[in-house]
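Fold and contact review
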Amino acid sequence: MKKELKKQVNQTARSIFIYQIILTGVTFLYVLCKSTALTGGRGAVEGADQIGKVLLNHAMDNAGLLSLAGTAAGLLYLALRYRKNCMIKEMFHTWKPMKTSAFLAVFCVFMSCQAVFAAAASLAELLLNPLGYTLAKSVESASSVNTTLSMFIYSTLAAPAAEELVFRGYVLRRMLPYGKEFAIVISAVLFGLMHGNFVQGLFAAGTGLVLGYVAVEYSLKWSILIHLLNNLVFSDLLGRIAGVTAEPLKSVLEYGIPAAFFAAACVILFLNREAIGRWRRENRIGGRYYFYAFTTVWMILFILMEVLTAMNGIGKI
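Residues numbered from 1 in each chain as written. Predicted model: local features only at pLDDT ≥ 70, side-chain atom pairs only at ≥ 80, totals over all residues. Heavy atoms only, no water.

1. A closer look at the overall build of the protein
To keep it simple, the criterion reads: The helix and strand labels rest on DSSP assignments: H or I over at least four residues marks a helix, E over at least two residues marks a strand, and numbering proceeds from the N terminus. Exposed residues in this analysis have more than 50% of their type's maximum accessible area, buried residues have under 20%, and partly exposed residues fall in between, with area computed by a 1.4 Å probe over protein chains only. Contact between two residues is taken to exist if any of their heavy atoms lie within 4.5 Å; hydrogens are not considered. Computed by Shrake-Rupley with a 1.4 Å probe, the accessible areas treat only the displayed protein chains as cover when residues are assessed.
In terms of regular secondary structure, the protein is built from 14 helices and two strands. The burial tally for the protein puts 41% of its 317 residues in the buried class. Sequence separation of 24 or more characterises 82% of the internal contacts of the protein that already satisfy a separation of 6 or more. Surface exposure of the protein reaches about 16900 Å², of which carbon and sulfur atoms provide 67%.

Now the structure itself:
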């Protein structure tokens, strides 16, 4: 089992590594083409700083379209790479019906991660500020409101759907032969790392655990719906409302709602603690298998790439 598990994890991490390279590569190629057009193919020229600013503005103005193109290219790569595995049909298999009470319960637990995000951001500042550093750039990047139609479409519709297909569809299904808990944890960790943002990555990993549970116990369709609701309503819409709302209502939107979800989640988890414990006992896998997974070559390379990316979010005060 060890050899087969390491092989599967290594192949999966390699595919996600390439998928991530494709996502960022589209923007890189766009900037490269624009740079060639602006310099006339002459390489370094006078006014390079000004050209750099123009390129940055071009990339920012078209960030939504570039993200949509990168996501489409990444999904195409995975579809072609595993076209013979018939995974699409397996991804959308319904294990059991989702009752309204179950949906509300998992949604509250999912949304409680917002409070963890806020707490992690505050804790990071407490630790870094005395050293002269801040994660404000990372937090701003994670919570920024969309400014263009294409970015709105990407972040509220395309990104959550694509992320569910990739991490709760492709990754989770490939890991499922080694147990539900193992599959959920590996897909959640890769999902968190993929964001290349220390604070947002922690939030993504937490929500990934909930979404993974929904996908393996109910259906990928439900995890997609929850992810869409979060990005569309609770990230974008409430973010816009909070941006034009005066205190104290703004504080209620930014802190009160996550706190309410967190309190509800605590009650839900406490009341269901026996069922949760029983599920874990039935689906637990030995810790050594996680060691095998996280010491594969491509997993290590992926972790290093995303950690280095996340380092850019740390700045001096």
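We are not done yet, so read on.
2. Points about the packing of helix α7 (residues 149-175) against helix α9 (residues 198-217)
Working note: a packed helix pair is described by the angle between its axes plus the distance between those axes. Short version of the rule: In this analysis, axes come from line fits to C-alpha atoms, helices being fitted only over the stretch in contact, and the angle between any two N-to-C directions falls in the range 0 to 180 degrees. In a left-handed crossing the near helix is turned counterclockwise from the far helix by less than a right angle, and in a right-handed crossing that turn is clockwise. Three classes are used: nonpolar for Ala, Val, Leu, Ile, Met, Phe, Trp, Tyr, Cys and Pro, charged for Asp, Glu, Lys and Arg, and polar for all others, with Gly counted as polar.
Their axes nearest at 11 Å, the elements α7 and α9 cross at an angle of 65°. Here the hand of the crossing between α7 and α9 comes out right-handed. From α7, Glu164, Arg168, Leu172 and Arg173 reach across to α9, where they touch Gly208, Leu211, Gly212, Ala215 and Val216. Here the residues of the contact of α7 with α9 sort into four nonpolar, two polar and three charged.

3. Observations concerning the confidence of the model for the protein
The line we're drawing: The predictor attaches a confidence to each residue, and that confidence, scored 0 to 100, is pLDDT.
In this model, the protein carries a mean pLDDT of 86, and residues with pLDDT of at least 70 account for 89%. Taking the mean pLDDT of every element in the protein, the minimum, 58, falls on helix α2 (residues 48-61) and the maximum, 96, on helix α8 (residues 180-194).

4. Things to note about the nonpolar core
This is how it is decided: We define the nonpolar core as a collection of buried residues of types Ala, Val, Leu, Ile, Met, Phe, Trp, Tyr and Cys that are connected through side-chain atoms lying within 4.5 Å of one another.
Counting 40 residues, the largest nonpolar core has Leu5, Phe167, Phe182, Ile186 and Phe302 as the members making the most contacts within it. Elements represented by at least two residues in this core include exactly α1 (2-39), α3 (63-81), α7, α8, α9, α10 (220-243), α13 (287-294) and α14 (297-311). Top contributing element to this core by residue count: α8, with eight residues. Leu5 has contacts with Tyr178, Phe182, Tyr289, Tyr292 and Ala293, leaving out every residue within four places of it along the chain. Core analysis: the second largest hydrophobic core is formed by 17 residues, Val106, Leu211, Phe261 and Ala265 among them.

5. A closer look at the side chain of Glu306
What counts is decided by this rule: Charge counting follows a simple rule: Lys and Arg are positive, Asp and Glu are negative, and His as well as the terminal groups are ignored. Throughout this description, the term salt bridge denotes a Lys or Arg side-chain nitrogen within 4 Å of a carboxyl oxygen of Asp or Glu.
Summarising the element assignment, Glu306 is placed in helix α14. Within the buried set, Glu306 has no salt-bridge partner at all; the shortest N-O distance to an opposite charge, 14 Å, is to Arg168. Discounting chain neighbours no more than four positions away, the residues touching Glu306 are Gln20, Leu193, Met194, His195 and Gly196.

6. Quick word on α13
Spelled out, the test is: By arc we mean the arc of the directions from the helix axis to the C-beta atoms, nothing more.
Turning to α13, its buried residues number three or more, namely Tyr289, Tyr290, Tyr292 and Ala293. Buried residues of α13, viewed axially, fall in a sector of 155°; they line one side. Turned more than 90 degrees away from the buried face of α13, the exposed residues are Gly287 and Phe291.

7. Some thoughts on the packing of helix α5 (residues 100-128) against helix α11 (residues 249-271)
Condition: Any angle that is under 35 degrees is reported as roughly parallel, and any over 145 degrees as roughly antiparallel; angles of 65 to 115 degrees are reported as roughly perpendicular and all others as oblique.
As a packed pair, α5 and α11 sit with axes 7 Å apart at the nearest point and diverge in direction by 130°. Classified by the angle their axes make, α5 and α11 are oblique. Where α5 crosses over α11, the two elements pack in a sense that is left-handed. Residues Ala105, Phe107, Cys108, Val109, Met111, Ser112, Gln114 and Ala115 of α5 pack against Pro258, Phe261, Phe262, Ala264, Ala265, Ile268 and Leu269 of α11. Taken together, the residues that form the contact of α5 with α11 break down as 13 nonpolar, two polar and no charged.

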